[in-house]
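For reference, the chains in residue letters:
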Amino acid sequence: MARLNDDAQWIVLMGFIVSFALFFLAIVVNQSTVVGQTTAEGVIEFPKNDIIDVRNEILFSSGIVNPTNLTDVKNDISSIGLARKMAIISFNATPAPPGSSYKNVILIHYNNGVTAYNETANY
Amino acid sequence: MVNSDGQLFTIEGISAGLIMLLTAYIVVNTTSIYTPGDTHISDMQLEQLGSDALRLMNTPNTSATSAESSLQKIIINNDTAQFSNTFLWFCNSTTSGTNDNLQFTADLYYRDKNTNSVNKIHLTQTRNLIGGEHPVRVTEWVHLNSNGQVPVNNREQAVLVEVLLWRD
């Protein structure tokens, strides 16, 4: 090309610039797959549904009056949680202070090694 | 010394360098082919769908304290056909057109009070797992009262329904 014909250099230069711009835009589009992966894995790794679920069960169980049944259900939750959800789950319910409109104050502990969730719930 | 000579030499040099770099980049990249299916986006959506379906099944349709959810009734009555129907209805329904085609296998985990071991009861399945699927796992805690055929020990207990869910 060079020295054979030196006309239209600016057109060729602009052509190259546009091509390179398209190349970098293609890289951006290419990266969108990886961005989706990071988001999806973040959502999967965070045990949102597990916590909501076990929290519901714990709040319901905190109302059990019979102390034997309460101990049984506590052991159910911690044993099955450890065996199947790979999470350490425990809770303890104490009566709410006088004048409170709630029945119990419940300490909830959840830890699956990646996410730890601790809550003091009034229920 | 600034003039506009030799522009095409410069351009050719730069473009040749970029072409070589690009070729090397593409060759190295072709050792792994990365498709959107590898990104777990569909897994995330499937897991949320399954969790929502199980939560719907575990919600009583009245606010009375004695009300039982359909999932509680299914476990107490060991009504596995009902589980299959309800779960697939929630998972496979679409707003229009043909239904989705999700498959599942469901187990129930409980704690035996006497041995303090966690045991499994197989509930039901639509298809056997043969290893080629790519299932996600969704679970739901279910509270069972003592007034029924509770899996073991006949006591008030918390059990875990575990469903492996995949798109066929």
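The structure presented is a predicted model; accordingly, all values stated were derived computationally and were not measured.

**Student:** Tell me what's going on with the overall build of chain B, and back it up with residues and numbers.
**Tutor:** Within chain B, the regular secondary structure consists of four helices and four strands. Helices and strands in chain B line up, N terminus first, as α-α-α-α-β-β-β-β. Here the C-alpha atoms of chain B give a radius of gyration of 28 Å, more than 25% beyond the 15 Å that 2.2 N^0.38 yields for 168 residues. Structurally, chain B occupies a C-alpha span of about 95 × 45 × 35 Å along its principal axes. A burial count over chain B gives 36% of its 168 residues as buried. Considering only contacts in chain B between residues 6 or more positions apart, those separated by 24 or more positions represent 59%. Of the roughly 9,600 Å² of accessible surface on chain B, a fraction of 54% belongs to carbon and sulfur atoms. On chain B, the mean spot of the 9 positive side-chain charges and the mean spot of the 16 negative ones are 15 Å from each other.

**Student:** How would you summarise the sheet that holds strand β1 (residues 88–95) of chain A if you had to cite specific residues and measurements?
**Tutor:** Residues and elements named next belong to chain A. Overall, antiparallel pairing links the three strands, which are arranged β1-β2-β3 in an open sheet. Looking along the sheet, the strands with just one partner apiece sit at the ends: β1 and β3 (116–122). Sheet twist, expressed as the mean angle between neighbouring strand axes with direction ignored, is 10°. Bridging between strand β2 (residues 104–111) and β3 involves seven bridges; their strand directions are antiparallel. Within β3, the residue paired with Ile106 across the bridge is Ala121. The sheet contacts of helix α2 (residues 48–61) involve β1, β2 and β3, and relative to β2 the element is tilted by about 150°.

**Student:** Outline the domain arrangement of chain A, supporting the account with residue identities and numerical values.
**Tutor:** With domains assigned, chain A is organised as domain 1 (7–45) and domain 2 (48–122). Each of domain 1 of chain A and domain 2 of chain A was reduced to a C-alpha centroid, and the two centroids are 49 Å apart.

**Student:** Provide a residue-level description of the interface of chain A and chain B, including the pertinent values.
**Tutor:** Residue-level contacts link 43 residues of chain A with 41 residues of chain B. When chain A packs against chain B, close to 3,800 Å² is buried across both sides, 61% of that on carbon and sulfur atoms. For the chain A face of the interface with chain B, the top three residues by lost area are Asp53, Ile80 and Arg84 of chain A, together amounting to 16%. For the pair chain A and chain B, the interface holds four salt bridges. With a shortest N-O distance of 3.1 Å, Asp72 of chain A and Lys113 of chain B are connected by a salt bridge. For the side of chain A that touches chain B, the secondary-structure elements that each account for two or more residues are α1 (9–45), α2 and α3 (67–84) of chain A. A breakdown of the residues in the side of chain A that touches chain B according to their chemical character gives 21 nonpolar, 12 polar and 10 charged.

**Student:** Could you give an account of the packing of helix α2 (residues 41–57) of chain B against helix α4 (residues 80–92) of chain B, naming the residues involved and the relevant values?
**Tutor:** Residue and element names in this part refer to chain B. Packing of α2 against α4 leaves a shortest axis separation of 9 Å and a crossing angle of 130°. Here α2 is positioned oblique relative to α4, judged by the angle of their axes. Judged by the twist between their axes, the crossing of α2 over α4 is right-handed. For the pair α2 and α4, the contacting residues are Leu49, Gly50, Ala53, Leu54, Leu56 and Met57 in the first and Phe83, Thr86, Phe87, Phe90 and Cys91 in the second.

**Student:** Tell me about the sheet that holds strand β2 (residues 117–125) of chain B, and please be specific about residues and values.
**Tutor:** Residues and elements named next belong to chain B. The antiparallel open sheet is built from four strands, whose spatial order is β2-β1-β4-β3. Of all strands in the sheet, those with a lone pairing partner are β2 and β3 (136–144), marking the two edges. On average, each strand axis in the sheet is inclined to that of its neighbour by 25°, with strand direction left out of account. Taken together, the eight bridges between strand β1 (residues 102–112) and β2 define a ladder with antiparallel strand orientation. Following the sheet pairing, Asp107 is matched in β2 by His122. Taken strand by strand, α2 contacts β1, β3 and β4 (157–167), and its axis lies near 15° from that of β3. Most of the contacts of helix α3 (residues 70–77) go to β3, to which it runs at about 80°, and overall it touches β1, β3 and β4.

**Student:** Kindly report on α4 of chain B, identifying the contributing residues and their values.
**Tutor:** The terminal C-alpha atoms of α4 of chain B, which comprises 13 residues, lie 18 Å apart, in line with the 18 Å expected from a rise of 1.5 Å per residue. Along α4 of chain B, the residues that are buried comprise Phe83, Ser84, Thr86, Phe87, Cys91 and Asn92 of chain B.

**Student:** So what about unusual backbone geometry? Which residues, and what values?
**Tutor:** All names here are of chain B. If you check the backbone angles, Asn78 has positive phi at about 50° while not being a glycine. Looking at where Asn78 falls in the secondary structure, it is placed in the loop between α3 and α4. The phi angle at Asn116 is positive, at roughly 55°, despite the residue not being glycine. Of note, Asn116 is situated in the loop between β1 and β2. When its relative accessible area of 49% is taken as the criterion, Asn116 is described as partly exposed.

Rules and cut-offs
- Residues numbered from 1 in each chain as written.
- Chains lettered and ligands numbered in written order.
- Predicted model: local features only at pLDDT ≥ 70, side-chain atom pairs only at ≥ 80, totals over all residues.
- Heavy atoms only, no water.
- Helix = DSSP H or I, 4+ residues; strand = E, 2+ residues; numbered from the N terminus.
- Rg over C-alpha atoms; globule rule 2.2 N^0.38 Å.
- Buried < 20%, exposed > 50% of the residue type's maximum accessible area, 1.4 Å probe, protein only.
- Contact = heavy atoms within 4.5 Å.
- Areas by Shrake-Rupley, 256 points an atom, 1.4 Å probe, with all protein chains shown as cover.
- Lys, Arg positive; Asp, Glu negative; His and termini not counted.
- Charge placed at Lys NZ, Arg CZ, Asp CG, Glu CD.
- Pairing = 2+ DSSP bridges.
- Axes fitted to C-alpha atoms, helices over the stretch in contact; angles between N-to-C directions.
- Domains from an automatic or database assignment.
- Buried area = accessible area lost by both parts, 1.4 Å probe.
- Salt bridge = Lys/Arg side-chain N within 4 Å of Asp/Glu carboxyl O.
- Nonpolar A, V, L, I, M, F, W, Y, C, P; charged D, E, K, R; others polar.
- Parallel < 35°, antiparallel > 145°, perpendicular 65-115°, else oblique.
- Left-handed = near helix turned anticlockwise from the far one by under 90°.
- Expected span 1.5 Å × (residues − 1).

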